[in-house]
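An overview of the molecular structure
Spelled out from the first residue to the last, the chains are:
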Amino acid sequence: MPSAAFPTALRDLRARIPGPWRTPLMTLVAAWLVLLVGFASDWGAMARQWWDISTYNHMLLIPPVEVWLVWQRRSQLARLAPAAWWPGLVLAAGAAFVWLLGGVSGLDLARQAGVVALLGACVPLLLGPRVTMALCFPLFYLVFMVLRGGTGEAAPDGHGRDHHCADPRERYSRRDRRGLH
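Residues numbered from 1 in each chain as written. Predicted model: local features only at pLDDT ≥ 70, side-chain atom pairs only at ≥ 80, totals over all residues. Heavy atoms only, no water.

Considerations on the environment of Ala110
The condition that has to hold: Secondary structure follows DSSP: runs of H or I at least 4 residues long count as helices, runs of E at least 2 residues long count as strands, and numbering of each begins at the N terminus.
Its place among the elements puts Ala110 in helix α7 (residues 108-127). Separated by 11 residues in sequence, Ala110 and Trp99 have C-alpha atoms that sit 5.9 Å apart.

Focus: the layout of surface pockets
For the record, the criterion: A cavity, in this analysis, means grid points on a 1 Å lattice covering only the protein atoms where a 1.4 Å probe fits yet has no way out; a pocket is instead an open set bounded by protein on both sides within 12 Å along at least five of seven lines, and a residue lines either one if it has an atom within 4 Å of a point. Grid points are joined across faces, edges and corners, and a volume is the space filled by probe spheres set on the points.
Empty space within the largest pocket amounts to approximately 1,200 Å³. Lining the largest pocket are 34 residues, with Leu25, Leu28, Val29, Trp32 and Val70 positioned closest to its centre. Looking at the lining of the largest pocket, the elements that each hand over two or more residues are α1 (5-16), α2 (19-38), α3 (40-52), α4 (62-72), α5 (74-78), α7 and α9 (136-141). Ranked by residues supplied to the lining of the largest pocket, first place goes to α2 with 8 residues.

Some thoughts on the nonpolar core
Condition: Buried Ala, Val, Leu, Ile, Met, Phe, Trp, Tyr and Cys residues that are joined via side-chain atoms within 4.5 Å together make up what is termed a nonpolar core. Using a 1.4 Å probe on the protein chains alone, a residue whose accessible area is under 20% of its type maximum counts as buried, one over 50% counts as exposed, and one in between counts as partly exposed. Note on contacts: a residue pair qualifies if any of its non-hydrogen atoms lie within 4.5 Å across the two residues.
Residues Trp43, Leu77, Val116, Val131 and Met145 are the most contacted members of the largest nonpolar core, which totals 34 residues. Mapped by element, the contributors of at least two residues to this core are α2, α3, α6 (88-105), α7 and α8 (129-134). The dominant element in this core, judged by the number of residues it contributes, is α7, at 10 residues. Among residues more than four places away in sequence, those in contact with Trp43 are Leu35, Leu36, Val115, Val116, Leu119 and Met145.

Some thoughts on the pattern of salt bridges
Opposite charge on two side chains permits them to pair, given that their charged atoms come into close proximity. Keep this limit in mind: We define a salt bridge as a side-chain nitrogen of Lys or Arg found within 4 Å of a carboxyl oxygen belonging to Asp or Glu.
The tally for this structure, following the rule as stated, stands at 1 salt bridge. One salt bridge connects Asp42 with Arg111, and the closest N-O pair in it is separated by 2.8 Å. Of the two residues, Asp42 sits in helix α3 while Arg111 sits in helix α7, which places them 69 residues apart along the sequence. Take Asp42: its relative accessible area is 5%, and that puts it in the buried class.

Examining the side chain of Asp42
Threshold: Here a polar contact is recorded for every N or O atom pair within 3.5 Å, except that within protein the pair must consist of a potential hydrogen donor and a potential acceptor, and residues adjacent in sequence are included only if both atoms are side-chain atoms.
Here Trp99 takes part through its side chain, which lies 2.7 Å from a polar atom of the side chain of Asp42. Setting aside residues up to four positions removed in sequence, Asp42 forms contacts with Trp99, Arg111, Gln112 and Val115.

Quick word on a nonpolar patch on the surface
To keep things clear, this is the line we draw: Every patch collects residues that have over 30% relative accessible area and no salt bridge, joining them within 9 Å if they carry like charges and within 5 Å if they are nonpolar side chains (Val, Leu, Ile, Met, Phe, Trp, Tyr). Only the protein chains shown count as cover for residues, and all accessible areas are computed by the Shrake-Rupley method using a 1.4 Å probe.
Together, Val29, Leu33, Leu36 and Val37 line one region of the surface with nonpolar side chains, adding up to about 360 Å² of accessible area. Looking at the element boundaries, Val29 is found in helix α2.

Overview of α7
Because an α-helix completes one turn every 3.6 residues, residues spaced three or four positions apart along the sequence face the same direction. Selection criterion: Each residue after the first adds 1.5 Å to the expected span of a helix.
An ideal rise of 1.5 Å per residue puts 28 Å on 20 residues; α7 measures up with 29 Å between its terminal C-alpha atoms. The element α7 is extensively covered by neighbouring structure, given that 15 of its 20 residues are classed as buried.

Observations regarding the environment of Pro18
Checked against the element boundaries, Pro18 lands in the loop between α1 and α2. For the pair Pro18 and Arg79, spaced 61 residues apart in sequence, the C-alpha separation works out to 9.1 Å.

Here it is in structure tokens:
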């Protein structure tokens, strides 16, 4: 797209957003950008795990699926009037507390869960409870962005972190290498 056409495309996009949605939607996008930049190390750690560990490569599809789930609801959402909702601060504070606990304890799972929950907590805070209910499934689907279980990587001693193996011979060979017969 030529650079002169970009401002026109941006104006066309702005014109296609219903009037009551323009400011709240831009506020939500700004809040998400602040979260992405402010917690870049956590988002980067999640993205590296998704990219580098073949067990979790499918998680790269979750953000586009989220966009698709919201896009499917666009006509229903257009009929709603978004409005900021101060009780959403409780959800945001809870998510921030989970992130803080993860940071203090060194538990990446809690940090990542907290930062993903912060992303979701912005919706009721900035768009209100009616919009949040309309987006209930996509918001709950965010949980799949957080890794659970072992990473499948080798620990510093050369043994896998997962306590289960698909091939029982591998499990026994690990025990044999550690001297456990």
